[in-house]
Every structure is written in C-alpha cells, then in structure tokens.
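Breakdown of the fold
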Amino acid sequence: MEEQKRYNANDITILEGLDAVRLRPGMYIGSTGQKGLHHILWEIVDNAIDEAANGFADEIDVHIYKDGSVSVEDNGRGIPTDIHPKTKVSGVQVVFTQLHAGGKFDEHNYSFSGGLHGVGASVTNALSKWLKVRVYKEGKVFEMEFHSYYDEAKKKFESGVPVAPLKDLGRKTTKHGTFVHFMPDDQVFATTNFQLSTISNRLNELAFLNKGLKINLTDERITMNEFKGEAEDDENVQLDLMGVTQPYSVTYCYEGGISDFAAHLNEGKSKLYPRPLYYKGEKDGILVEFAIQHTSEYTENLFSFVNNIPTPEGGFHEIGFRAGLTRVLNDYARETKALKEKDANLLGDDFREGLTAVLSIKMKNVQFEGQTKTKLGNPEARSPVESCTVEGIRSLAGNKEFKKAFDETIKKAQGAARARLAARQAKDTARAKNSIDSWTLVGKLAACSGRKAEDNELFIVEGDSAGGTAKQARIRQFQSILPLRGKPLNVEKKRIDQVLANEEIRTIISALGAGVGNDFNVEKINYHKVIILSDADQDGFHIRCILLTFFFRYMRDLVNAGHVYIGMPPLYKVYKQGGIEEYAYDDNELQEKIEKVGRGYLVQRYKGLGEMSAEQLWKTTMDPKRRNLTQVTIEDAVAADNMITTLMGDRVEGRKEFLARNANFNKEDAFMDKVKLKKENGDEEN
C-alpha cells in the first residue's frame, strides 16, 4: 500500500495581516460583485454614522471622483492617533491593518454601533489599490497611506501595507474628524463602478434615520445637467450654465427624522391622516423610535432598522411592534365603542392594512441571522419594543389632536375585517388564504416529475403559444411550465379578497404551494427557482412588473430568499447560410455577434417567445448551462417599495418622470438606423 502523504505542522498555512481578506473576500463582504463593491464603502460610511449616532458628529461628506475612487469624511472625534500600547503603532494603523480591532467592543466609546466586528476599515483597505487617511484631531492634521501590490521578492500579494508610519503634517487646524479616500482594486472586484442610485438611496435613508444629520453626496462623474437629463438641442430647455460643468451634488438632512421618512414613503398616496404619528422611548436599555401613517391602500409596509442597519427579514423587534400595535388599537376600539362587547377583537392584519411604518431601535450586543443576516435574532428585544409601542400609541391616542387619525384607522381596520370574512365565506374555509392549496391547475401547469424543491424550476410564461413551445423544450424531470392565459391582476391597489379572485394569481399561488400574504411559508415552496419568462416588448415588461409587484407585496420572503429570477430570451438571431447562428441579448452584444458571423449575415429580431422553436428556446433561454438568468434581489427594500408604488400605483407624474428618464421604447428603431448606416458604408449584405 502506498505510503500516505505526511501531514505536519509545517503544512499549516498562517495567513498574516490582511492576507485572509484578500484570499477569501466573499467571507467578509459577501461577494466581489456590485454588492461587495458597495459593502467596502458602507464599512467606512458606517464608521462615520456611528460617530453621528453617538452624538460626536453632525455632518458627513461622500465624494465619488472621476477616476472611480471614493472618499468619506466626518466631523467626529477623529481616529485615535496616539501609539497603541500592545502593537506599538498608531491607532490609525491598527484600525486599518488589524482585523477585529476597533473601539466598539465595549460601551465606553460607543453606546450603539452598526459596526460590531472591527473588520470594516481593515477590509476596505485590504481590497483597495490604495487608501489614504487624514485625521483632524486636537488642532493637528495627521496623514497615512496604504498600498496593495504584488511583491516579486516574496512571490505574494501584499494587502493594505502602510507606505510610511502616521505623519503629523505640522499644520494647525480647527477641524476635527476623519477623511478616508480609497480606490477599489479591479483585480478583486468584477466591476469598480459605484452606482450613484445605490449610494444616494442608502445615504438618504441614513439621513432619515439620524435626525438632523447632514449628509452631502458629490459625484464628479456626472454633471448636474446630465443628471437632470437636459439636452442642449431642446429649445424649450433653459440650461443651467453652472450645471454644464458642475458635478452632481445633493444634500440630505431631515429635522423630522423617521417621521419625515414615513411621509416620504407615502408621497403621492391617499392618506387617512395628514402627517405621520411619531414616538420615541426607551425600555431596558433599548431605544425605540417609530413613525406610522395609514393610507387608503391595502398592503402593509413596515421598514425596520437596528442601529441604522436595515432588517428586511424582520426579527424580534418587528414581532414586538406588531403585537403592541394590535393590542393597543383593540383597546382603543373597545374604549371608543367602535367594538361592542360581543364583537371579537380585530386581527393584526386588519389594523396593518394600508399601514406605512418605520421602526428604528438601538441596542447593544446585536445578533443578526436569517438568509442574508438581516434578521434581528435577539429575543430580549421583543418585550421592550412591545412595551414602548403600547406606551407610545396610548399617549398619542390620548391627544385630542390625533383622535381623528385613530378613528379613521379603526374604520379602515373594520373594513379590512369585513373583506377578510367575506373572502373566508366565499372559499368556505377557516381562512381564505389557507384554502388556496386545494385549487386545481388542470390544463394549466405542466408539472415536473422531480420531488426535490431545491432542484425544481417553475417557468411562468406569457401566453399559450409560448407556453406550448416551453413545454416541448423543457426537461420534464425538473422544469415545470405555467402559461398565463391573460394578464394577472395589478395587486398594488387591491385587497386580499380581490387578489384571490384573480384566476392567474390563484394558479401561481397554488403552483408554489406555500400560501400567500402573512401565511406564506417560504420553506414549503415547490420550486427553488421561479423564473418569469415574458416577451421582450412593452406588454412583456408590464407582465413582469405585475408579477414582481405580486411577489414583493404578498410573497416577499420568496424574493428575500433569492428564489425569483427573470429569464432573458435573446432579442436577435444573427445567422447566415451554412448553419451558423449566434444570439444577442442586447444591442451592444448584437454588434459583437455581427462581427463574429461576418459578411453575408442576416438578422432576425424576435418579437416574442412564440417565434422561437422549442430547440431555440431551450438552447438560448432554458438550458441551465447556457441561459442568462437575472436573480431578483432586494438590496434596498425602501427603494424597491418606492419604485413599485411609482410604476404600479396612482402616482402618474412620478411614473411619467421615471419613464422619461429610463425607458427606451425605440431600441429596434435605433438598431434599424445602425443597419441603414452600415448599408450605406457597404458593410452589410442584408
């Protein structure tokens, strides 16, 4: 028998300094895509926010430069510059080169903190080409720089190495705070292009959550006029001459805090009372702050945060808030005789119909769990949040100024209860939503034979024609096809009983087999990939929006868990005699495919999935080895809610503005213009 390879202590590799981050960045920032790129920015922003949240800063500047680098500056206390007693180097060097080093592990410097693990600044440094720090402290200016590079002598990559020790620049200043400027490393990240919309949405959210905090955002990559979408050749547009060269800049500051946040979320909606109800309290060392406002709509929108960190998966703080709200509103209904002695209590669902709420708590020793570590796992948070909610609602209800608001809330809840009972009676079950599993799908769903949900895929296809082709193309063992015979209901403005009355929606609920609304249980789903496959035209886009709205409103955990996808059929087939075929999924790729196929090519523009053969549909759209799928994620639940309200609700002006800025319904015409241009140049034979 061959001697086994010896395994000794010298076979164990010790990753020193920041090497571990460089080797396995996903362990620290989740991914090396867009999410991970923005994560290293949030680590620095969160440090500045922690200074503000603990009362040491009131202004933060975030600056995106033309070269793609970004800086964050705050007017807080400044990172410590004195020598650390154990490491014998400056506090700045410790913070940016040592994992699990920071001032947030005890309660002396920070009462509450979003950065808990001491890896933020050092991880950002490790994954940057270079990083510069300037500290304004005690009348002095200090500076330090770090570089990442490949060391030829050591034959290894050195991450976040100090160029020199922290230097006192010898300048006097009245400023105080920290300035951090870094360039993400393109050898680490798939893209180093920061998204302005992602950054602005998050900074706006942070400004709401920190009352009175001023956050300035500047992006040198775009001018004010470019952002506004103004065109020089439009005679009706009066160009801002400064805006021609002035970088895009915006300031977020809200003296009303989360009360302004709730009002912002309800902008353009019909409201039961004019301004949000706000309360702030403390119980057992947990600070609780909430703002609520009811609208005439039918879905609940609760956005919760712990130490400024979004918790879209909820947790014990949300459980406490909902329980307290239900209890105290039932008490109010009894006290005002809206509920008679013989009447049963209203359900929490009834009170939360049309509710927009922002819940923000601050606590120590936070534990996150869930699919994406955005669920509060501290059970001790439930009782204090519930107590503060009861206390806060009672104090607000006792104010005569808000009596009408509470009376309208009770009326709406009673209407919701009547609709709930009507739905239950119509379905002749204990609860309407639990009866869905018994609905039949005969003649609609072409089910797969596999029984493992984690392997199974459900294609929701537009129309019987495309559905028939998809059924021929699929692999029956794991792919199911559900054709939609008509447009599903836009659920944005509908109650649950109206939603359940729509046949197309019912078939989707039944196919997934996991319930709907508050009864939805993501662990019971029949498919781990739910793929929306619609035509690449306006109707197809509309159907996609309708389905995503339904999933977001009534099956949000399905999206949070990463089970929803958009199938991406090709827009064009480029081919020529001899059996040469190439497929292009957008206009840019089309040009690449044309060059690849060469002279004598022909182009087919697909109007819909029904134009494709089963073989083509499988090869381009359904084959797991070759298809293009886009996973639907909710990085920012607030932005997602605002977008759905804009596109699918009654905000006509907001919808027009969005479409004017983002939509392009003339892509085919633009393509044809290019084709004609190529003809004139003699490069095309079609």
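Definitions and limits used
Residues numbered from 1 in each chain as written. Predicted model: local features only at pLDDT ≥ 70, side-chain atom pairs only at ≥ 80, totals over all residues. Heavy atoms only, no water. Helix = DSSP H or I, 4+ residues; strand = E, 2+ residues; numbered from the N terminus. Buried < 20%, exposed > 50% of the residue type's maximum accessible area, 1.4 Å probe, protein only. Contact = heavy atoms within 4.5 Å. Areas by Shrake-Rupley, 256 points an atom, 1.4 Å probe, with all protein chains shown as cover. Phe/Tyr/Trp six-rings, centres within 6.5 Å; stacked < 30°, edge-to-face > 60°. Lys NZ or Arg CZ within 6 Å of the ring centre and 35° of its normal. Core = buried A, V, L, I, M, F, W, Y, C linked by side-chain atoms within 4.5 Å. Expected span 1.5 Å × (residues − 1). Axes fitted to C-alpha atoms, helices over the stretch in contact; angles between N-to-C directions. Left-handed = near helix turned anticlockwise from the far one by under 90°. Nonpolar A, V, L, I, M, F, W, Y, C, P; charged D, E, K, R; others polar. Pairing = 2+ DSSP bridges. Salt bridge = Lys/Arg side-chain N within 4 Å of Asp/Glu carboxyl O. Parallel < 35°, antiparallel > 145°, perpendicular 65-115°, else oblique.

A few words on the overall build of the chain. When helices and strands are tallied, the chain shows 22 helices and 24 strands. In the chain, which comprises 686 residues, the proportion classed as buried is 49%. Here the analysis covers contacts within the chain between residues at least 6 apart in sequence; of these, 70% occur between residues at least 24 apart. For the chain, the exposed area adds up to about 33600 Å²; of that, 47% sits on carbon and sulfur atoms.

Below, the discussion takes up the packing of aromatic side chains. Enumeration according to the criterion identifies nine aromatic pairs in this entry. Arranged with centres 5.5 Å apart and planes meeting at 45°, the rings of Tyr 332 and Phe 406 form a pair that is tilted. Here Tyr 332, found in helix 9 (residues 316-335), pairs with Phe 406, found in helix 12 (residues 403-427); they are 74 residues apart in sequence, far enough to count as distant. Residue Phe 406 is classed as buried on the basis of its relative accessible area of 2%. Within the aromatic cluster, the residues linked to one another by ring pairs are Phe 208, Tyr 254, Phe 261 and Phe 305. When the ring centre of Tyr 575 is taken as reference, the NZ or CZ atom of Lys 573 above it lies at 4.7 Å. For the cation-ring pair, Arg 605 lies above Tyr 572, with the distance from its terminal atom to the ring centre recorded as 5.6 Å.

Counting residues in each nonpolar core, the largest one holds 60 residues, and the members touching the most others are Leu 41, Val 45, Phe 96, Phe 182 and Leu 203. Setting aside anything within four residues of it in sequence, one finds Phe 96 in contact with Leu 18, Ile 44, Ile 79, Ala 121, Ser 122, Asn 125, Leu 131, Val 133, Phe 146 and Val 180. Ranked by size, the runner-up nonpolar core spans 38 residues in total, among them Ala 333, Met 363, Leu 396 and Ala 405.

With that settled, consider helix 9. Compared with the 28 Å implied by 1.5 Å per residue over 20 residues, the 29 Å span of helix 9 between its first and last C-alpha is a close match. Taken residue by residue, helix 9 has His 317, Glu 318, Gly 320, Phe 321, Gly 324, Leu 325, Thr 326, Val 328, Leu 329, Asn 330, Tyr 332 and Ala 333 as its buried positions. Looking at the residues trailing helix 9, positive phi occurs at Lys 337, about 70°.

Before going further, it helps to examine the packing of helix 9 against helix 11 (residues 382-397). The contact between helix 9 and helix 11 brings their axes to 7 Å, and the two run at 35°. As helix 9 runs across helix 11, the sense of the crossing is right-handed. Broken down by class, the residue content of the contact of helix 9 with helix 11 amounts to 12 nonpolar, four polar and five charged.

Attention now goes to the pairing of strand 12 (residues 301-306). When you tally the buried positions in strand 12, you get six out of six residues, the bulk of the element. The alternating pattern of strand 12 places Asn 301, Phe 303 and Phe 305 and Leu 302, Ser 304 and Val 306 on opposite faces, both of which are buried. In this sheet, strand 14 (residues 355-362) lies alongside strand 12 in parallel orientation, the contact comprising six bridges. By the bridge assignment for strand 14, Asn 301 is matched with Thr 356. Counting the residues in the hairpin turn of strand 12 and strand 13 (residues 309-310) gives two residues, including Asn 307, whose phi is positive at 50°.

Next up on the list: the side chain of Asn 204. Tracing the sequence through the fold places Asn 204 in helix 6 (residues 196-209). Under the relative-accessibility criterion, Asn 204 is labelled buried at 14%. Apart from residues lying up to four places away in sequence, Asn 204 is in contact with Tyr 252, Tyr 254 and His 264.

Before going further, it helps to examine unusual backbone geometry. Phi is positive for Glu 138, close to 50°, though the residue is something other than glycine. We classify Glu 138 as exposed; its relative accessible area is 74%. With phi around 70°, Lys 337 is a residue other than glycine that occupies positive phi space. Looking at where Lys 337 falls in the secondary structure, it is placed in the loop between helix 9 and helix 10 (348-351). For Lys 337, a relative accessible area of 57% puts it in the exposed group.

Quick look at the pattern of salt bridges now. Summed over the entire model, instances satisfying the criterion amount to 28 salt bridges. We note a salt bridge from Lys 175 to Glu 73, for which the minimum N-O separation is 2.9 Å. Of this pair, Lys 175 sits in the loop between strand 6 (167-172) and strand 7 (177-184) while Glu 73 sits in strand 2 (residues 70-74), and the two are 102 residues apart along the sequence. Between Lys 619 and Glu 581 there is a salt bridge, and its shortest N-O distance comes to 3.8 Å.

With that settled, consider the sheet that holds strand 21 (residues 572-576). Reading across from one edge, 22-21-23 is the order of the three strands in this open sheet, with antiparallel pairing throughout. If you trace the sheet from one side to the other, it starts and ends with strand 22 (580-584) and strand 23 (602-605), each paired once. Across the sheet, the mean angle separating the axes of adjacent strands is 20° when strand polarity is ignored. Along the sheet, helix 18 (residues 587-597) contacts strand 21, strand 22 and strand 23; its crossing angle with strand 22, the most-contacted strand, is approximately 165°.

Before going further, it helps to spend a moment on the packing of helix 15 (residues 503-512) against helix 16 (residues 538-554). As a packed pair, helix 15 and helix 16 sit with axes 12 Å apart at the nearest point and diverge in direction by 55°. The orientation of helix 15 with respect to helix 16, classified from their angle, is oblique. Considering how the two elements wind past one another, helix 15 and helix 16 form a crossing that is right-handed. Taking contact as the criterion, the partners of Ile 505, Ile 508, Ile 509 and Leu 512 in helix 15 are, on helix 16, Leu 547, Phe 550 and Phe 551.

Let's shift gears to helix 19 (residues 614-622). Taken across its nine residues, helix 19 has seven buried, putting it largely inside the fold. For helix 19, the set of buried residues is Ala 614, Gln 616, Leu 617, Trp 618, Thr 620, Thr 621 and Met 622. Looking at the packing, one finds that the buried side of helix 19 touches strand 17 (457-462), helix 13 (464-473), strand 18 (479-484), strand 19 (529-533), strand 21 and strand 22.

To continue, consider the sheet that holds strand 24 (residues 629-631). With mixed pairing, five strands are arranged side by side in an open sheet as 18-17-19-20-24. Unpaired on one side and paired on the other, strand 18 and strand 24 mark the two borders of the sheet. Adjacent strand axes in the sheet meet at a mean angle of 25° when their direction is disregarded. Note: strand 17 against strand 19, five bridges, orientation parallel. In the sheet register, Leu 458 faces strand 19, and the bridge partner there is Val 530. Most of the contacts of helix 13 go to strand 18, to which it runs at about 170°, and overall it touches strand 17 and strand 18. Those strands touched by helix 19 are strand 17, strand 18 and strand 19, and its axis lies near 105° from that of strand 18.

Function cannot be read off these values alone, since they describe shape.
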